[in-house]
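Below, each chain spelled out in residue letters.
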Amino acid sequence: MMPRYLSANVIFGLTPIVLVIALWQGLVSFGVAPTVLLPPPGLVFSRLLQQLLTWTFQEEIVATLIRLFAGFAIAVIVGVSIGVAAAASPVINAVVRPIVRVLAPLPKVALYPALLLLLGFGHGSKITLVAADALFPILLSTYYGASTVEQKLVWSAMAAGTPRYEILFKVVLPAAMPSILTGCRIGLVISCIVVFLAEMITSTDGLGHALVTAARTFQAVDMFVPLIAISLLGLILNGLLGAVRSYLLRGFPDA
Amino acid sequence: MISPAALVKRTAPVLACIGLLAIWQVASLGLKSDSFPTATDAVRAIPDILGDKESLINILASLRRMAVGFGIAVLLSIPLGLLMGRSRAVSAFFNPLLMVIYPVPKAALMPIIMLWLGVGDITKTLVIFLGVSLPVIYHSFEGAKAVEEKMLWSGAAMGLSPLQCLVRIVLPAALPEILTGCRTGLVLALITMITSEMIARQSGAGNILFNALDMGQYDTVYAMIIIVGAMGICLDAVFERVRTRLVRWSEPQFDMPLSFS
Amino acid sequence: MPSSEWVRPLTSQKPASAILEIDRVSQVFQTSARKEHLALSEISLTIEEGAFVSILGPSGCGKSTLLYIVGGFVSPTRGAAKMKGQAITGPGPDRGPVFQEFALFPWKTVLGNVMYGPRQRGVRATEAEAQSRALIEMVGLKGYENFYPKELSGGMKQRVALARTLAYHPQVLLMDEPFGALDAHTRTRLQNDLLNIWERDRKTVLFVTHSVDEAVFLSDKVVMMSNSPGRIREVIAIDLPRPRRRNELLLDPRYQKYVVDIERMFDESEEAGAPL
């Protein structure tokens, strides 16, 4: 029975999560860790709920989300275009390939000080950093997907009278979609992480800034809240993208 | 003899570096901004940093923590990933937990862990360890899952115990995928290291960067960026070399583009 | 040298009804920096309009490559292929391929796949849909219009691929081992259905296969190819009555003789040392 099997698995899988929370609670209850350093889980989650309802915290979330989406959107547009172009044209490929090989393993966060100098401390520098970090997984998987499109799909479309320039949009892009969306998924989680870190390093608002503010005043509870908030955000966005993915790829096998 | 085409192919990354520096040079000359020194100025500042004993010790200490964190993470993550890949129960047990941990920004744990363990090496190494673990577990898991059942049957028929199967069949068969995970992990280790140092602002390469930024030493900022970037590129290149050597037997990795025109 | 009456040197008078002419086509593949592989050597062949022609040969004899050259997907190293006197320079809707790998668009439903060609040629959506539905019914897939390819079996996928190609009315069907990936039972069913569909309008078909039975059962003539380099060995006219019924044909001594003769010819070349 599929459903019973699944629910058994779910309970099984939830065990370690419950264990972690129990251990956390235990550390506090048995006085191993003082509440100042490790607030009990109940306190953290009720604080999170309470914060979610306040206007100031919502503003922090909005600031983070704006940067996150702007950076991610730029990364998707640039990454997919360059990826497809590099797969389509040997000349572009020859130029893009070595540049990507050099830039992909470069720790983008090291560029952050330069971005601060060039674009200021506002949205611009953080959006650029997010875009730079999310760009490469999207670009590489688009390239991979576009260059491994089954040759005979292309031939079939050409024989049916599709002009060469339309092949790109009618065959290559849809056929590369599973790979593109995998790249987007990785890029999205990276975006979440990077925007938060950038806000922690220097910012005046956003969830990352909220953590740093709490750390300066040793408010352990308030340090946990933004961290959990950004992780939840990551999970939710990941889930949403998963839903979009299964809709877009409904025709593909094992999507 | 190397053919000209192969020569271009081999030197392409170097050419790309030179090209990027040239673009930087032109852009900075065009902008004429104090906060955007030319590439030559930045390159000229590199010997000063590497010649300075304190910053050199700082950077080397960073690298040592990175190596330790990366090493421990790899040693623990590969067995866990392989077990998850071969046992449905183990993967059902750990997968949800790992999925929950996945979107947590590991470097952001720095202030919290600092609160508990102070600002010593342990804290910094622990953060790097956390950053590296997940991709290595994930790729080992995927690699072990993809091992062909028939290969294990052959092993079992030859009298290998389950543990021997894991070490002598699953591990080598999953090696290409595991090394891909390690490569991602290595770059992530460097990123986590720099980021956590930027957040903690105690010591290390990330700290040098922001100190220079605060003091307006822009040449130093850009020189440090080049140094960190070079570390990333070199680590990746060296690892890639080791990787191709180790998995020479496997199917050639996707490399040549297949033009669709 | 090919000795059959069906292969005419191109210098001689062309038959009036020739639709495809392949003129001394050679294909060389670069296998590595220095090595070259001669896949096809000086192939000349004329195909009459309305004929069902099979290209039969061992794997690696370049028979698919020859089909791709006619399709315009691959350009020959030397020589030329012509369609109705016009040199073939690229793919076009006058030559419709059906591949062993089906090559259906996974993001489109059965109906979407079949409608693709007509829509591409500017047929109005409602009209294209009506035509496509009729074709889907003809290949025996009525009721599956809104299924995705992944939900279909191999045989059904190949039926969709055939309908998709027929939908843009090509003058020549290029079939590249279309039943090669199917199980024996499905294969015979599809062979029968293909013949039934073909009997209706007798389009020209170029059919690549490595199965002797299949080639004899379906074709008007069989082009036998030999290996490395790919050459035409023999062209055999299959003089069997149409419409062909499988159960009658299998008992027909003429059919059996064709099969045995062709198999013997392949065996001989094997004994002569030509590697398979």
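Structure: above.
Predicted model only: the values in this text are computed from it and were never measured.

Participant: Pulling in residues and values, what's your account of the sheet that holds strand β10 (residues 231–237) of chain C?
Facilitator: The strand order β6-β7-β8-β3-β9-β10 (chain C) describes an open sheet built from six strands, whose pairing is mixed. Only two strands of the sheet have a single neighbouring strand rather than two, namely β6 (95–99) and β10 of chain C. Here the average twist between neighbouring strands, direction ignored, is 20°. Pairing analysis gives five bridges linking strand β3 (residues 52–56) of chain C to strand β8 (residues 204–209) of chain C, with the strands arranged parallel. In the sheet register, Phe 52 of chain C faces β8 of chain C, and the bridge partner there is Val 205 of chain C. With respect to the sheet, helix α7 (residues 151–159) of chain A is in contact with β6 and β7 (172–176) of chain C, its orientation differing from that of β6 of chain C by roughly 155°.

Participant: Outline the packing of aromatic side chains, listing residues and values.
Facilitator: Per the stated rule, a full pass over the model turns up 18 aromatic pairs over all chains. Aromatic pair Tyr 144 of chain C and Phe 147 of chain C: ring centres 4.9 Å apart, planes at 65°, arrangement edge-to-face. Judged by its relative accessible area of 30%, Tyr 144 of chain C is partly exposed. We classify Phe 147 of chain C as partly exposed; its relative accessible area is 31%. One aromatic cluster is present, built from ring pairs that chain together Trp 24, Phe 45 and Phe 224 of chain A together with Trp 116 of chain B. The ring of Phe 105 of chain C has Arg 164 of chain C lying over it, and the distance from NZ or CZ to the ring centre is 4.8 Å. Directly above the ring of Phe 217 of chain C sits Arg 246 of chain C, whose terminal nitrogen or CZ lies 4.7 Å from the centroid.

Participant: Please set out the interface of chain A and chain B residue by residue, giving values where relevant.
Facilitator: If you look at the interface, chain A gives 61 residues, while chain B gives 54 residues. Regarding the contact of chain A and chain B, the summed buried area is about 5,200 Å², with carbon and sulfur atoms giving 80% of it. Among the residues of chain A in contact with chain B, Val 102, Pro 105 and Leu 117 of chain A are the three that bury the most area, contributing 11% of the side total. Run the count over chain A and chain B and you get zero salt bridges. For the pair chain A and chain B, the number of links is one residue pair in polar contact (both at pLDDT 80 or more). No other element matches helix α8 (residues 164–201) of chain A, which puts 11 residues into the side of chain A that touches chain B. Residue classes in the side of chain A that touches chain B are distributed as 47 nonpolar, 11 polar and three charged.

Cut-off values and rules
- Residues numbered from 1 in each chain as written.
- Chains lettered and ligands numbered in written order.
- Predicted model: local features only at pLDDT ≥ 70, side-chain atom pairs only at ≥ 80, totals over all residues.
- Heavy atoms only, no water.
- Pairing = 2+ DSSP bridges.
- Helix = DSSP H or I, 4+ residues; strand = E, 2+ residues; numbered from the N terminus.
- Axes fitted to C-alpha atoms, helices over the stretch in contact; angles between N-to-C directions.
- Contact = heavy atoms within 4.5 Å.
- Phe/Tyr/Trp six-rings, centres within 6.5 Å; stacked < 30°, edge-to-face > 60°.
- Buried < 20%, exposed > 50% of the residue type's maximum accessible area, 1.4 Å probe, protein only.
- Lys NZ or Arg CZ within 6 Å of the ring centre and 35° of its normal.
- Buried area = accessible area lost by both parts, 1.4 Å probe.
- Salt bridge = Lys/Arg side-chain N within 4 Å of Asp/Glu carboxyl O.
- Polar contact = N/O pair within 3.5 Å; in protein donor to acceptor, adjacent residues only side chain to side chain.
- Nonpolar A, V, L, I, M, F, W, Y, C, P; charged D, E, K, R; others polar.

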